[in-house]
Amino acid sequence: MRAKRVCCAGPVGQATLHVLVPGPGGSAAAAAAVRVRVEACALGVHAVLLSGSGSFPADYKTRPGALKVSVSEATPTTTTTAAAAAAAAATTMALGGAEWEAVSWQLAGCTSWLCGYFQRPAEAGHEEAPALHLPGLAPDGFTNLLYRTLTREVCVGRTVTYGGLAELAGASRTAARAVGNAMRHNPVPLLVPCHRVVPAQGGSGSFQGRLSSQLKAWLLRHEQGTDAPTSGP
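Residues numbered from 1 in each chain as written. Predicted model: local features only at pLDDT ≥ 70, side-chain atom pairs only at ≥ 80, totals over all residues. Heavy atoms only, no water.

Enquirer: Explain the side chain of Thr-149 to me, please; I cannot follow it from the model alone.
Expert: Examined against the element boundaries, Thr-149 turns out to sit in helix α4 (residues 142-153). When its relative accessible area of 0% is taken as the criterion, Thr-149 is described as buried. When residues no more than four places from it in sequence are discounted, the contact partners of Thr-149 are Val-154, Leu-165, Leu-168 and Ala-169. (Helix = DSSP H or I, 4+ residues; strand = E, 2+ residues; numbered from the N terminus. Buried < 20%, exposed > 50% of the residue type's maximum accessible area, 1.4 Å probe, protein only. Contact = heavy atoms within 4.5 Å.)

Enquirer: Explain the pattern of salt bridges here, please?
Expert: It is possible for side chains bearing opposite charge to pair when their charged atoms get close. Summed over all chains, the structure comprises 4 salt bridges. With its nearest N and O atoms 3.2 Å apart, the salt bridge here joins Arg-173 to Glu-167. We classify Arg-173 as partly exposed; its relative accessible area is 39%. With relative accessibility at 41%, the residue Glu-167 sits in the partly exposed group. (Salt bridge = Lys/Arg side-chain N within 4 Å of Asp/Glu carboxyl O.)

Enquirer: What's the story with the nonpolar core in this structure? I'm lost.
Expert: Soluble globular proteins tend to bury their nonpolar side chains together. With 49 residues, the main nonpolar core has Val-34, Val-36, Phe-118, Met-183 and Trp-218 as its most contacted residues. Elements with a minimum of two residues in this core: β4 (13-23), β5 (27-41), β6 (44-54), α2 (98-119), α4, α5 (162-168), α6 (176-184) and α7 (213-224). For this core, the element with the most residues is α2, which contributes 8 residues. Once residues lying within four places of it in the same chain are set aside, the contact partners of Met-183 are Leu-146, Tyr-147, Leu-150, Tyr-162, Leu-165, Cys-194, Val-197 and Gln-208. (Core = buried A, V, L, I, M, F, W, Y, C linked by side-chain atoms within 4.5 Å.)

Enquirer: Help me out: how do you make sense of the packing of aromatic side chains in this one?
Expert: One pair of aromatic rings is described through two measures. These are the centre distance and the angle between the planes. Within this structure, the stated rule accounts for 3 aromatic pairs. Seen in terms of ring centroids, Trp-113 and Tyr-117 are 5.9 Å apart; in terms of plane orientation they differ by 5°. Their pairing is stacked. Within this pair, Trp-113 and its partner Tyr-117 are both found in helix α2, separated by 4 residues, close to a single helical turn. Note on Trp-113: relative accessible area 13%, which makes it buried. Taking the relative accessible area as the measure of exposure, Tyr-117 reaches 1% and is therefore buried. Each ring, one from Tyr-117 and one from Phe-118, has its centre 5.1 Å from the other, and the planes form 75°; the classification is edge-to-face. Residue class for Phe-118 comes out buried when judged on its relative accessible area of 1%. An aromatic cluster is present here, built from Trp-113, Tyr-117 and Phe-118 joined pairwise through their rings. (Phe/Tyr/Trp six-rings, centres within 6.5 Å; stacked < 30°, edge-to-face > 60°.)

Enquirer: Where do I start with unusual backbone geometry in this structure?
Expert: Trans is the common state for peptide bonds, and a negative phi is the common state for residues other than glycine. For Leu-190, which is not glycine, the phi dihedral falls at a positive 80°. With respect to the secondary-structure elements, Leu-190 resides in the loop between α6 and β11 (197-198). Residue classification places Leu-190 among the buried positions, given a relative accessible area of 3%.

Enquirer: I would appreciate a short explanation of the side chain of Thr-16 in the present structure.
Expert: Structurally, Thr-16 is set in strand β4. Each residue touching Thr-16, except ones within four places of it in the same chain, is listed here: Arg-35, Val-36, Arg-37, Ser-70, Val-71 and Ser-72.

Okay, structure coming up:
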C-alpha cells in the first residue's frame, strides 16, 4: 500500500531540481547533470538527496547564469511502509488545504535558494538559508553543533579540514573521525555544506561515502569561481 508520507508536522512533499553543466570551454552541449531532490514538511526541509551524472569539466569556471536549472512541481512524498500508511490513515490533515500550502511554501523557498546557489553562488551565500526540520537529530548533540558551525563559519568559496572543523566546534582535532562520520550522514547536503570539508593531506576527498568525488570537486570549483578566499584551518 502506498500512502502519503507524514511526519510529526503533517504531510511531507518533494520537489526536484535538474541542473545541466556545460561542457569544456562553455560548450552548449551538457557535459554533466546534477539532480537535487528536496523533501520538506510545513516546518522545514527534511532531506536533500543529491546525485550527479556525466563528466564534470575540470576547467569549469563559474559564470553567472551559465547553468541551466529547472524545477519540478511540488508533489506529496509517498512511502510503502506499513507504519507510514497507518500514520497517514490516522491523520486528519488533508493535502490541498492550509497544511499543504505550508509544505509548498517550504519547498518553494528551498528550491529558490538552490536555484540561486547554482546560478550565482556568491550571492546565495548572503541569502537566508531555508529552514530545516530534522527531528532525528539531537538538538544539543555534537553532530548538530558541527552542522551549525560549518554553516555559520565556512562560507561559499572556503574549505575547512575535518580536524579544522572539529576545532571550530570547540573540540580537539583528534575528533576528525567523528566529523567525517557526521558529514557522511548529513541529510541536507548543500544546505549544510559538507562538501566544503576536505582532507588535511589535500584533494577534495570522499562525498558522503556514496556520491562521486568528481561531483564534490566540481561543487568546490563552482564556488571558488567567486572572489571568496578558498582555504580554512
